[in-house]
Amino acid sequence: MDYLSLNLYEIRDELEKGNITSLELTKMCLQRVKETSDINALVSVCEEYALKTAQRIDEDRKNGKKLGPLAGIPIVIKDNINLVGTKTTCSSKFLENFVSPYTATCAQKLIDAGAVIIGKANMDEFAMGSSTENSAFGPTLNPRDKSCVPGGSSGGSAATVAANQCFASLGTDTGGSIREPASFCGVVGLKPTYGRVSRFGVVAFASSLDQVGPLTRSVKDSAIMLKVIAGEDLKNDMTSSTKPVPDYENISSNVKGLKIGVAKEFFNDKLDSSVKKALDSALELYKANGAEIVDINLPSLDAALGVYYILSSAEAASNLARFDGVKYGVQAKKFSDITDLYFKSRTQGFGKEVKRRIMLGNYVLSSGYFDAFYRKARKVQKVIKKEFNDAFSKCDIIISPTTANTAFKLGEKSGDPLAMYLTDIFTVPINIAGLPAMSMPVGKSEKGLPIGMQLIAKEFDEEMIFKFGKLFEEKSKEAQNV
Ligand code: GLN
């Protein structure tokens, strides 16, 4: 049996039945990581730690101990999530040698559920980018076509799952960084509602938008992972929600009588014809299963990208001020005084895109421009939120493509920041509105590249997303063949 290509819920059964041990499985995953190292999905592998954990779980299982929902299952986390004693580099030269002094809440929850963390995933530096080409440790390649990017910034997290190196991973999503790579690599990527998952111990990019979420090979796996990582963590992250965590795993896939909102703004003329075709047939499938399609309007959708680059850069400029060469990361060798130390350390440690965001952020926050840019962007954010709220008075879920096109070639957009920013045009509005959304595979282009469908729900209604996702997975061959 090809254990490595199973879904998380399937391998869980195999482990429970005793058909394979966690140690055997972990060794197989580590071997697979070596064999497929050309895709550069991981920046570090915690081999010793993983083998020890797996062994301990096997012993617990043998002794009849009650085990958690991820017991013995190899999992990868993005390299901006702290795991004590391991390097957390954010794929930046600045943090090349930074070792986590503590563990992030989301990683701790995985560990408590019995997961075997085998490595840390490559990413765009400090999560800024859409292709994982901004990594100081080289780009990740898309396992479906190695001449293409895997998307970003959680490109390593998507690629490791698509290449069967592990059974699930964690990514972070500030403007699309889970969903866009999921779409490009043909896996399922969920950005939960803002506040659903604690960000404690996750290196901040734009704190009012950042969320942690799972990347998996199936919708059911996504639900299992969310159930583990979701929940309140007020002691450490005051933005985490106290809403109870529902039983995401056991949701029916009955969509009869439910309404799907379709906005023309998501189906514009820039959409690739194969993407449009795949989305049209997905909508037909839902109709055939009793759902109703309603037209909705999101007239300010276009403004979301501008709002995002103002708000996220402003917050990034503030968040990244802590990297000054004194407390964390690299320090310039030669400097004349403290200002020179800051200047040289930051100049040497940060990559081009990160510097661009810091400059952009400080610019929009500067006294002469604050009202014109930052304050205005906050106002437009309110309008966008309201438009989504109004839309949800008419429908239960909104469906759109995740990206207008399939994965692009390595190097194709790396010299053109604006073209790169535009790939997130459909994902960014969801973060601006604080909503949950998932990308799942709905087919392939003529060139055989995966196409992603985005399912968007009301705040804290991840259950609706799983319901629709599950139905598609059950009924459609496209979803099963990716
Ligand atoms: N691609 C977007 C950016 O570069 C989103 C990144 C993210 O979600 N972390 O900012």
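Quick notes on the rules
- Residues numbered from 1 in each chain as written.
- Predicted model: local features only at pLDDT ≥ 70, side-chain atom pairs only at ≥ 80, totals over all residues.
- Heavy atoms only, no water.
- Buried < 20%, exposed > 50% of the residue type's maximum accessible area, 1.4 Å probe, protein only.
- Helix = DSSP H or I, 4+ residues; strand = E, 2+ residues; numbered from the N terminus.
- Pairing = 2+ DSSP bridges.
- Axes fitted to C-alpha atoms, helices over the stretch in contact; angles between N-to-C directions.
- Contact = heavy atoms within 4.5 Å.
- Near = heavy atom within 4 Å.
- Polar contact = N/O pair within 3.5 Å; in protein donor to acceptor, adjacent residues only side chain to side chain.
- Areas by Shrake-Rupley, 256 points an atom, 1.4 Å probe, with all protein chains shown as cover.
- 1 Å grid on protein atoms, 1.4 Å probe; cavity = no way out; pocket = protein on both sides within 12 Å on 5 of 7 lines; lining within 4 Å.
- Sits in = over half its atoms within 2 Å of the grid points.
- Nonpolar A, V, L, I, M, F, W, Y, C, P; charged D, E, K, R; others polar.
- Phe/Tyr/Trp six-rings, centres within 6.5 Å; stacked < 30°, edge-to-face > 60°.
- Lys NZ or Arg CZ within 6 Å of the ring centre and 35° of its normal.
- Expected span 1.5 Å × (residues − 1).
- Salt bridge = Lys/Arg side-chain N within 4 Å of Asp/Glu carboxyl O.
- Disulfide = S-S within 2.5 Å.

1. A closer look at helix H7 (residues 219-229)
The buried fraction of H7 is high, at 9 of 11 residues. Among all positions of H7, only Val 219, Asp 221, Ser 222, Ala 223, Ile 224, Met 225, Leu 226, Val 228 and Ile 229 are buried. One or two steps after H7, the chain reaches Gly 231, where phi turns positive at roughly 125°.

2. Some thoughts on the sheet that holds strand S8 (residues 292-296)
Sheet strands pair via backbone hydrogen bonds, and the direction of the pair is either parallel or antiparallel. Pairing is mixed across the open sheet formed by 11 strands, whose spatial order is S1-S3-S2-S4-S6-S5-S10-S11-S9-S7-S8. Every other strand in the sheet has two partners, leaving strand S1 (42-45) and S8 as the edge strands with one partner each. With strand direction ignored, the average angle separating the axes of adjacent strands in the sheet is 30°. The pairing of strand S2 (residues 74-78) with strand S3 (residues 116-121) spans 5 bridges and is parallel. Looking at S3, one finds that Pro 74 is bridged to Val 116. Packed onto the sheet, helix H8 (residues 273-288) meets strand S7 (259-263), S8, strand S9 (397-401), strand S10 (437-444) and strand S11 (450-456) and runs at close to 50° relative to S11. Across the face of the sheet, helix H15 (residues 462-475) comes into contact with strand S5 (188-191), S7, S9, S10 and S11 while running at roughly 15° to S10.

3. Quick notes on the site of the ligand
Within the structure, the ligand sits among 15 residues, and Thr 174, Gly 175, Ser 177, Tyr 308 and Asp 424 are positioned closest to it. In the environment of the ligand, a nitrogen atom lies 2.9 Å from a nitrogen or oxygen atom belonging to the backbone of Ala 127. Within the backbone of Gly 176, one N or O atom sits 3.3 Å away from an oxygen atom of the ligand. In isolation the ligand offers 290 Å² of accessible surface; the protein chains occlude 100% of this area. Spatially, the ligand is embedded in the largest cavity. For the shell around the ligand, the per-class residue count stands at 5 nonpolar, 7 polar and 3 charged.

4. Comments concerning the packing of aromatic side chains
Taken as a whole, this structure holds 18 aromatic pairs when the rule is applied. Consider the rings of Tyr 248 and Phe 466, whose centres lie 5.6 Å apart with planes at 70°: the pair is edge-to-face. Separated by 218 residues along the polypeptide, Tyr 248 in the loop between H7 and S7 and Phe 466 in helix H15 bring together distant segments of the chain. Given a relative accessible area of 1%, Tyr 248 falls into the buried group. With centroids separated by 6.0 Å and ring planes inclined at 40°, the aromatic side chains of Tyr 369 and Phe 373 adopt a geometry described as tilted. Given the relative accessible area of 29%, Phe 373 is considered partly exposed. Three or more aromatic residues link up through ring pairs in this structure, and these residues are Phe 94, Phe 98, Phe 126, Phe 323, Tyr 328 and Phe 350. Directly above the ring of Tyr 9 sits Lys 220, whose terminal nitrogen or CZ lies 4.4 Å from the centroid. When the ring centre of Phe 460 is taken as origin, the NZ or CZ atom of Lys 243, which lies over that ring, is 5.1 Å away.

5. Remarks on H8
Each α-helix turn comprises 3.6 residues. Residues three or four places apart therefore point the same way. Taking 1.5 Å of rise per residue, 16 residues should cover 22 Å, and H8 covers 23 Å from first to last C-alpha, within 8% of that figure. Among the residues of H8, those classed as buried are Ser 274, Val 275, Ala 278, Leu 279, Ala 282, Leu 283, Leu 285 and Tyr 286. On its buried face, H8 sits against S7, S8, S9, S10, S11 and H15. Where H8 ends, the next residue or the one after it, Gly 290, has phi of about 100°, a positive value.

6. Thoughts on unusual backbone geometry
In this structure, Ser 153 follows Gly 152 across a cis peptide bond, with omega equal to 10°. Within the secondary structure, Ser 153 is located in the loop between S3 and helix H5 (155-162). In this structure, Ser 91 takes a positive phi of about 50° despite not being glycine. Turning to its location among the elements, Ser 91 is positioned in the loop between S2 and helix H4 (105-112). Given a relative accessible area of 0%, Ser 91 falls into the buried group.

7. A look at the pattern of salt bridges
Scanning the entire structure with this criterion turns up 17 salt bridges. Lys 120 is the partner of Asp 79 in a salt bridge, and the nearest nitrogen-oxygen pair spans 3.2 Å. Of the two residues, Asp 79 sits in the loop between S2 and H4 while Lys 120 sits in strand S3, which places them 41 residues apart along the sequence. You'll find Asp 79 and Lys 120 in the same group, each marked buried. Its salt-bridge partner being Asp 371, residue Arg 375 comes within 2.6 Å of it at the nearest N-O pair. Linking Arg 375 with Asp 371, this pair stays in helix H12 (residues 370-391), spanning 4 residues, or about one helical turn. One connected set of salt bridges, linked through shared partners, spans Glu 353, Arg 356 and Arg 357.

8. A few points about the state of the cysteines
Counted under the stated rule, the structure contains 0 disulfides. No disulfide involves Cys 90; its sulfur sits 13 Å from the nearest other cysteine sulfur, which is in Cys 106. Exposure remark for Cys 90: the relative accessible area of 1% places this residue in the buried category. Of the cysteine sulfurs around Cys 166, a residue in no disulfide, the closest is that of Cys 29, at 6.9 Å.

9. So, the environment of Glu 249
Within the element layout of this structure, Glu 249 appears in the loop between H7 and S7. Overall, Glu 249 belongs to the buried group, its relative accessible area being 17%. For the pair formed by Glu 249 and Asp 221, sequence separation is 28 residues and the distance between their alpha carbons is 8.3 Å. With near-sequence residues (within four places) excluded, Glu 249 lies in contact with Arg 12, Ala 223, Ile 224, Lys 227 and Lys 470. At 2.8 Å, the side chain of Glu 249 and the side chain of Arg 12 are in polar contact.

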